[in-house]
Amino acid sequence: WNSLQCTQAKPITVVVTGAAGQIAYSLLYQLAAGSVFGEDQPIDLRLLDIPPMMGVLEGVVMELQDLALPLLKNVLPTADPEPAFKDADAVFLVGSMPRKEGMERKDLLAANVKIFKVQGEALDKFAKKDVKVLVVGNPANTNALICSHYAPSIPKENFTAMTRLDQNRAQAALASRIGVSVDKVKNVIIWGNHSSTQYPDAAHATVEKDCVAHPVSKAINDDAWLNGEFVETIQKRGAAVIAARKMSSAMSAAKAAGDHMRDWWFGTKPNQFVSMGVVSDGSYGIPKDVVFSLPVTIKDKKYTIVQGLEISSHARAKLDITAKELEEERAEANAVLQQ
Ligand code: NAD
Ligand code: LMR
């Protein structure tokens, strides 16, 4: 026994804001079970919410203890950003108001953007400089931009917004149409804003059949559906879930947040890209200084925007619409923050 070595990796510090809310409730299990950062990676969890939610959060902490999962080393529930973000390695910014039926996500801007300014400032002061920040709270792209702006000491590449739920929705819709399992469909792209102007684009997507990758467009062979019903269904899927559930998506949003962070942490697979909201560098003629969902590959915890994809005139028009909306959101966010 004496010669046996008991070694375990050092815990990483993972923060979830909005920790008493519905997305966090699904996300926290994935984190504690090792399905995001790996089954050998212990974690210290920091749970941030607002003071009136501390009682509810206490219940979440009890449940986390009762999971009896060995990777979960410490759990800190708090309403104070300083201990929450101190030396953070990975941060899920979920905390914010969700939309209700009949609202667009940008209707949340005035209520939520101030949260992301305050949290950007706190990340700047307390988090590690290589922290990975995933913004889930809506309007996610513009919140991520604002958060990064108020955290100038952290590289802007370390702030991303979640459009993985849209990617997962698009992948599932294509797989269902073709009649294959969802893992056979790859490289569908979400361009632009996580809003009803996003452009879900199957032009570069492939489907694997008999171990060979074929273009999805050929497998479906119905451009009217691909350019019409498919795009609209994905653009409006969040609203459809709200109409049915009377609450916004949570289980699927938490799964997508885990997918996004896992790929950022461990990298993408060969010949595969994923969509993330990232600060635009002007690629594909997109205006700079907006957070725009783009296809990326990831290696060593750094993403690279996929270059050289052919953009049809149809796609160009769609990219311009969603870019314009993001510029408008940016202007509105700046106006709110100057009040
Ligand atoms: P929820 O209302 O269930 O939970 C939100 C939590 O955030 C609440 O506990 C609330 O107290 C907390 N909160 C509010 N202000 C905070 C602050 N300043 N600091 C820390 N916590 C704060 O909402 P939810 O369903 O979990 O959704 C959260 C957000 O995620 C919403 O904005 C929603 O629209 C968004 N969302 C985004 C996507 C996406 O694909 N990007 C998908 C689904 C939901
Ligand atoms: C979603 O896409 O389901 C979320 O962004 C929630 C919403 O408001 O649509």
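Being a predicted model, the structure only gives us computed values, none of them experimental.

Undergrad: Talk me through the overall build of the chain; I want residue IDs and the actual numbers.
TA: Within the chain, the secondary structure is distributed over twelve helices and 14 strands. The globule rule puts the C-alpha radius of gyration for 339 residues at 20 Å, and the 20 Å found for the chain is close to it. Reported as C-alpha extents along the three principal axes, the dimensions of the chain are approximately 60 × 60 × 40 Å. Counting the 339 residues in the chain, one finds 52% classified as buried. Here the analysis covers contacts within the chain between residues at least 6 apart in sequence; of these, 73% occur between residues at least 24 apart.

Undergrad: Now, about the packing of helix α4 (residues 109–126) against helix α5 (residues 140–149): what can you tell me, with residues and values included?
TA: Contact pair α4 / α5: the axes reach a minimum separation of 7 Å and the direction vectors enclose 35 degrees. Relative to α5, the crossing made by α4 is right-handed. For the pair α4 and α5, contact is made by Leu109, Asn112, Val113, Phe116, Lys117, Gln119, Gly120 and Leu123 and by Thr142, Asn143, Ile146 and Cys147, respectively. Grouping the amino acids of the contact of α4 with α5 by side-chain chemistry returns six nonpolar, five polar and one charged.

Undergrad: Lay out the layout of surface pockets with the relevant residues and their values.
TA: In this structure, the largest pocket encloses a volume near 750 Å³. Lining the largest pocket are 36 residues, with Val94, Gly95, Ser96, Met97 and Pro98 sitting closest to its centre. When contributions to the lining of the largest pocket are tallied by element, the ones reaching two or more residues are α1 (22–33), α4, α6 (164–178) and α10 (237–245). When residues in the lining of the largest pocket are grouped by element, the largest group, four residues, is from α4. Residues that form the lining of the largest pocket fall into these classes: 18 nonpolar, 14 polar and four charged.

Undergrad: Explain the nonpolar core to me, using residue names and the numbers behind them.
TA: If you look at soluble globular proteins, the nonpolar side chains tend to sit buried side by side. With 76 residues, the main nonpolar core has Val16, Leu31, Phe37, Leu45, Phe92, Leu174 and Phe230 as its most contacted residues. By residue number, the principal contributor to this core is helix α11 (residues 251–266), which donates seven residues. When near neighbours in sequence (up to four residues on either side) are disregarded, Phe92 contacts Val14, Val15, Val16, Thr17, Leu27, Leu31, Val36, Phe37, Leu134, Ala257 and Met261. Ranked by size, the runner-up nonpolar core spans 25 residues in total, among them Val91, Ala140, Ala144 and Ala151.

Undergrad: Outline the side chain of Asn143, supporting the account with residue identities and numerical values.
TA: Of note, Asn143 is situated in helix α5. The class of Asn143 is buried, set by a relative accessible area of 0%. There is a polar contact of 3.1 Å between the side chain of Asn143 and the backbone oxygen of Asn138. If we ignore the near neighbours within four places in the chain, the residues touching Asn143 are Asn112, Val113, Phe116, Val135, Gly137 and Asn138.

Undergrad: Account for the pattern of salt bridges, with residues named and values stated.
TA: Per the stated rule, a full pass over the model turns up 13 salt bridges. In this structure, the salt-bridge partner of Asp222 is Arg177, at a minimum N-O distance of 3.1 Å. Linking Asp222 in the loop between α7 (216–220) and α8 (223–227) with Arg177 in helix α6, this pair joins segments that are 45 residues apart in sequence. A residue is classified by how much of its surface remains accessible, and Arg177, at 42% relative accessible area, is partly exposed.

The rules behind each value
- Residues numbered from 1 in each chain as written.
- Chains lettered and ligands numbered in written order.
- Predicted model: local features only at pLDDT ≥ 70, side-chain atom pairs only at ≥ 80, totals over all residues.
- Heavy atoms only, no water.
- Helix = DSSP H or I, 4+ residues; strand = E, 2+ residues; numbered from the N terminus.
- Rg over C-alpha atoms; globule rule 2.2 N^0.38 Å.
- Buried < 20%, exposed > 50% of the residue type's maximum accessible area, 1.4 Å probe, protein only.
- Contact = heavy atoms within 4.5 Å.
- Axes fitted to C-alpha atoms, helices over the stretch in contact; angles between N-to-C directions.
- Left-handed = near helix turned anticlockwise from the far one by under 90°.
- Nonpolar A, V, L, I, M, F, W, Y, C, P; charged D, E, K, R; others polar.
- 1 Å grid on protein atoms, 1.4 Å probe; cavity = no way out; pocket = protein on both sides within 12 Å on 5 of 7 lines; lining within 4 Å.
- Points joined across faces, edges and corners; volume = space filled by probe spheres on them.
- Core = buried A, V, L, I, M, F, W, Y, C linked by side-chain atoms within 4.5 Å.
- Polar contact = N/O pair within 3.5 Å; in protein donor to acceptor, adjacent residues only side chain to side chain.
- Salt bridge = Lys/Arg side-chain N within 4 Å of Asp/Glu carboxyl O.

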